[in-house]
Amino acid sequence: MVDMVNQVKRLESTQLFKDWKVDNPQHYLSYIFYMTDDFPQVGYYDPDTDKITSFIMGSEIETSPDQKVFKKEGQVKPLKIDEVQITLIKALEKARALQEEEYKAEEITKEIIVLQNIEQGLVYNVTLVTASFKLINIKLCANSGTVLEHNVSSVMDLGHQE
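No experiment lies behind these values; they were computed from the predicted model shown. (Residues numbered from 1 in each chain as written. Predicted model: local features only at pLDDT ≥ 70, side-chain atom pairs only at ≥ 80, totals over all residues. Heavy atoms only, no water.)

### A word on the pattern of salt bridges
For step 1, the next point in the chain: Counted under the stated rule, the structure contains four salt bridges.
For step 2, the next point in the chain: Between lysine 134 and glutamate 106 there is a salt bridge, with its nearest N and O atoms 3.1 Å apart. One end of the pair, lysine 134, is in strand 7 (residues 134-141); the other, glutamate 106, is in the loop between helix 3 (88-102) and strand 5 (108-118), with 28 residues separating them in the sequence.
For step 3, the next point in the chain: Residue classification places lysine 134 among the partly exposed positions, given a relative accessible area of 32%.
For step 4, the next point in the chain: A residue is classified by how much of its surface remains accessible, and glutamate 106, at 15% relative accessible area, is buried.
For step 5, the next point in the chain: In this structure, lysine 139 engages glutamate 149 in a salt bridge whose closest nitrogen and oxygen atoms are separated by 3.8 Å. (Salt bridge = Lys/Arg side-chain N within 4 Å of Asp/Glu carboxyl O. Helix = DSSP H or I, 4+ residues; strand = E, 2+ residues; numbered from the N terminus. Buried < 20%, exposed > 50% of the residue type's maximum accessible area, 1.4 Å probe, protein only.)

What follows is the structure, encoded as structure tokens:
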């Protein structure tokens, strides 16, 4: 299991990142993304262009082209990695326990975790994809591990939400 905080440290210690940062001083850390069976991604937000640069953290680190931000109004908040108290493993343990308690009939096929700073604060935003095409979303406080909210929706509803 990947340690999200160490992914940032690993990235920021590379010459690739240091060279990129010289050319992009306005960018700041905004998220860390992890999905089962895939490499983690570390994203840096540019408030001037409202775009994100992502670094794919494989054995060789790759940069993906800048992309538009999927967000609500306003700027993306900085992710203050030094304030994260709960590890990814602990966050997933809590999310899985909640799933077993509240949504035990659902078989989980994929886990998607985003460590980010949103309106609820610093959170692990966990999405569990089920075999029945449902999405269980669980937001956990990255400081205390407290469940802030959880809900379930259908993948089929994604295009119909306002």
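Read on, since the account is not over.
### A few points about the nonpolar core
For step 1, the next point in the chain: One finds Tyr44, Leu115, Tyr124 and Val126 to be the most contacted residues of the largest nonpolar core, which totals 33 residues.
For step 2, the next point in the chain: The dominant element in this core, judged by the number of residues it contributes, is helix 3, at five residues.
For step 3, the next point in the chain: Residues Tyr31, Tyr45, Val76 and Leu135 belong to the second largest nonpolar core, which totals 11 residues. (Core = buried A, V, L, I, M, F, W, Y, C linked by side-chain atoms within 4.5 Å.)

### Observations concerning the pairing of strand 8 (residues 147-154)
For step 1, the next point in the chain: Inspection of the sheet shows strand 7 paired to strand 8 by seven bridges, in the antiparallel sense. Paired with isoleucine 138 across the bridge in strand 8 is histidine 150.
For step 2, the next point in the chain: The antiparallel hairpin formed by strand 7 and strand 8 contains five residues in its connecting segment, where glycine 145 sits at a positive phi of about 85°. (Pairing = 2+ DSSP bridges.)

### Observations regarding the packing of aromatic side chains
For step 1, the next point in the chain: The full count for this structure, using the stated rule, is seven aromatic pairs.
For step 2, the next point in the chain: Between phenylalanine 17 and tyrosine 44, the aromatic rings sit 5.1 Å apart at their centres with planes inclined by 45°, giving tilted as the arrangement. Taken together, the positions of phenylalanine 17 in helix 2 (residues 15-23) and tyrosine 44 in strand 2 (residues 41-46) put the pair 27 residues apart, joining distant regions of the chain. Note on accessibility: phenylalanine 17 and tyrosine 44 belong to one class, buried.
For step 3, the next point in the chain: Clustering of aromatic rings is evident, with ring pairs tying together Phe17, Trp20, Tyr44 and Phe55. (Phe/Tyr/Trp six-rings, centres within 6.5 Å; stacked < 30°, edge-to-face > 60°.)

Everything listed here is a matter of geometry and, on its own, says nothing about what the molecule does.
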